[in-house]
Amino acid sequence: MTEKMVNVAVAGATGAVGNQMIRCLEERNFPVRSIKLLASKRSVGRELRFRGDLMPVEELTDESFAGVDVALFSAGGDTSLRFAPLAAQAGCVVVDNSSAWRMDTQVPLVVPEVNPHAIAGYKVKGIIANPNCSTIQMVVALNPIHRAFGIKRIVVSTYQAVSGTGKKAVDELFDQTRAMINFLGYENKIYPHRIAFNCLPHIDRFQENGYTKEEMKMVNETRKILEDDRIGVTATTVRVPVFFGHSEAVNVETREKITAVAVRKLLEESPGVEVVDEPTKNRYPLATDAAGQDLTLVGRIRQDESVQNGINLWIVADNIRKGAATNAVQIAEILVKDYL
Ligand code: A2P
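Note that this is a predicted model, so its numbers are computed, not measured.

> Just to check I follow, could you spell out the side chain of Gln160 for this structure?
Assignment of secondary structure puts Gln160 in strand E8 (residues 151-160). By relative accessible area, which is 1% here, Gln160 ends up buried. Within polar-contact distance, the side chain of Gln160 engages the side chain of His246 at 3.5 Å. Every residue in contact with Gln160, bar those within four places of it in the chain, is listed here: Cys133, Ser134, Ile203, Glu214, Thr237, Val238, Arg239, Val240 and His246.

Printed below as a string of structure tokens:
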């Protein structure tokens, strides 16, 4: 049987996630027949490399998707709201990394290790949503625990890298750090406060309930992906001066009796997870180890001694790869293999 080849578009190709999407398509040998690299008008004239060839960046327009089979979007929520339906109308399936479509009941929200079956729902709108970066790594680690022990409640605090905000935020952390150590002045352009040598308990906009939008994404998306609205989730999301790799302290309370030993064994056998948990040897998940690879690292697995059935975990992954680009390309792989 000859391999199915597809025409692909990447919308937001010049951005941090878009660029990684291109790298993932190459690395994973995605069956690309042709590729279109789309961005805003500002980027017309630029060229990006795909499989050794320099390709022109084209402006994203209403006509961009004629003849395209699969489009990977990472160009912001407004762009997705406007262009994803147009792409779908043109017969293309969109895998969208923005938050625009995630909670639409007619759009599947997918982490391939957790709910690949949900991809089938793409047929209604022609759109599949890629979850929030912090949510993806958390559910990769928690899904096996939920299936085995029944999760009642999750309390999560995140330590999120600036690359999640985009390229300009990476530059801001770099520029501010350099300015600070040289006793020079600096500007806050991307974040409302200095991010260098600081922690900001503020990711995305504040909502009426006092939580940020990022925190509420973790609450709502976790329930949708785990397909269980009974799970209580509460989150505090924090931006920290790390370039790549989100870390999370996660406390889980379960219905069934749970032990650290059982969780460690379960996670050692779970897809997409690597257990890094030898505290006596100073081995635990680190952003520096998670960055540049696709597994979700889990460690510091220990009993929560303050409740009857509880466990604490430290979960780390590359927010640009598994938290965004890799997850989107994994979805596209299943789509091509099983549905197109
Ligand atoms: P451009 O580089 O032309 O501005 P990041 O999240 O790293 O900042 O990247 C955002 C990505 O989304 C970039 O590729 C950016 O293109 C693209 N983008 C932003 N706004 C638009 C738009 N209105 N139309 C098309 N692409 C856009």
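There is more to say, and it comes next.
> Can you help me understand the site of the ligand in this one?
In the neighbourhood of the ligand, 15 residues make up the surrounding shell, with Thr14, Ala16, Ser40, Arg42 and Ser43 lying closest. In the environment of the ligand, an oxygen atom lies 2.7 Å from a nitrogen or oxygen atom belonging to the side chain of Arg42. The contact in question runs from an oxygen atom of the ligand to an N or O atom on the side chain of Ser43, over 2.5 Å. Classifying every residue of the shell around the ligand gives five nonpolar, eight polar and two charged.

> Teacher, can you tell me more about the pairing of E8 here?
When a strand is regular, its side chains alternate between the sheet's two faces. Bridge count between E8 and strand E10 (residues 246-254): eight bridges; the pairing is antiparallel. Looking at E10, one finds that Thr158 is bridged to Glu248. Examined bridge by bridge, E8 and strand E9 (residues 232-239) share eight bridges and lie parallel to one another. Looking at the pairing, Val156 lines up with Ala235 of E9.

> Even after reading the chapter, I still don't get a nonpolar patch on the surface, so can you show me in this structure?
On the surface, Phe174, Phe243 and Phe244 cluster together to form a nonpolar patch covering roughly 280 Å² of accessible area. Its place among the elements puts Phe174 in helix H4 (residues 167-181). By relative accessible area, Phe174 is classed as partly exposed at 45%.

> Would you explain the sheet that holds E8 in this entry?
By definition, the strands of a sheet pair up through backbone hydrogen bonds, in either a parallel or an antiparallel sense. If you trace the six strands from one edge of the open sheet to the other, you get E9-E8-E10-E13-E12-E11, paired in mixed fashion. The outermost strands of the open sheet, each flanked by one partner alone, are E9 and strand E11 (273-275). Neighbour to neighbour, the strand axes of the sheet diverge by 20° on average, direction disregarded. Two strands pair when backbone bridges link them, and E10 and strand E13 (residues 310-317) are joined in this way by eight bridges, in the antiparallel orientation. Along E13, the bridge assignment pairs Ser247 with Val316.

> Is there a simple way to explain the nonpolar core in this structure?
Inside soluble globular proteins, nonpolar side chains tend to come together where they are buried. Membership of the largest hydrophobic core comes to 51 residues, with the highest contact counts inside it found for Phe65, Leu142 and Leu313. Here this core takes eight residues from helix H3 (residues 133-149), the largest share from any one element. Apart from the residues lying within four places of it in its own chain, the contact partners of Phe65 are Ala9, Lys36, Leu38, Leu60, Ala71, Phe73, Phe83, Ala87, Ala90 and Cys92. Core analysis: the second largest hydrophobic core is formed by 36 residues, Ile22, Phe30, Val32 and Leu48 among them.

> Please explain the sheet that holds strand E6 (residues 93-96) as it appears in this structure.
Spatial strand order, E3-E4-E2-E1-E5-E6-E7: seven strands in an open sheet with mixed pairing. Since the sheet does not close on itself, it has two edges, and those belong to strand E3 (47-50) and strand E7 (127-129), each with one partner. The sheet shows a mean angle of 30° between the axes of neighbouring strands, direction not considered. Its contacts with the sheet place helix H1 (residues 16-27) against strand E1 (6-11), strand E2 (32-39), E3 and strand E5 (70-73), and it is angled at close to 25° to E3. The sheet strands contacting helix H2 (residues 77-89) are E5, E6 and E7, and the helix crosses E5 at an angle near 175°.

> Hey, could you run me through H3 in this one?
Since there are 3.6 residues in each turn of an α-helix, residues three or four apart along the chain are aligned in direction. Helix length check: H3 (17 residues) gives 24 Å between terminal C-alpha atoms against 24 Å at 1.5 Å per residue, within 8%. At Leu142, H3 shows its largest bend, some 40°, and a proline, Pro144, comes one to four positions later. Of all 17 residues in H3, 15 are buried; the element is thus mostly enclosed. Taking the backbone nitrogen of Ser134 as reference, a side-chain oxygen 3.1 Å away marks Asn132 as the first, capping residue of H3. Directly after H3, the chain includes Gly150, whose backbone phi takes a positive value near 70°.

Cut-offs and rules
Residues numbered from 1 in each chain as written. Predicted model: local features only at pLDDT ≥ 70, side-chain atom pairs only at ≥ 80, totals over all residues. Heavy atoms only, no water. Helix = DSSP H or I, 4+ residues; strand = E, 2+ residues; numbered from the N terminus. Buried < 20%, exposed > 50% of the residue type's maximum accessible area, 1.4 Å probe, protein only. Polar contact = N/O pair within 3.5 Å; in protein donor to acceptor, adjacent residues only side chain to side chain. Contact = heavy atoms within 4.5 Å. Near = heavy atom within 4 Å. Nonpolar A, V, L, I, M, F, W, Y, C, P; charged D, E, K, R; others polar. Pairing = 2+ DSSP bridges. Patch = residues over 30% accessible without salt bridge, like charges linked within 9 Å, V, L, I, M, F, W, Y side chains within 5 Å. Areas by Shrake-Rupley, 256 points an atom, 1.4 Å probe, with all protein chains shown as cover. Salt bridge = Lys/Arg side-chain N within 4 Å of Asp/Glu carboxyl O. Axes fitted to C-alpha atoms, helices over the stretch in contact; angles between N-to-C directions. Core = buried A, V, L, I, M, F, W, Y, C linked by side-chain atoms within 4.5 Å. Expected span 1.5 Å × (residues − 1). Bend = angle between axes of the 7 residues up to and from the residue.

Everything listed is a geometric property; what it means functionally is a separate question.
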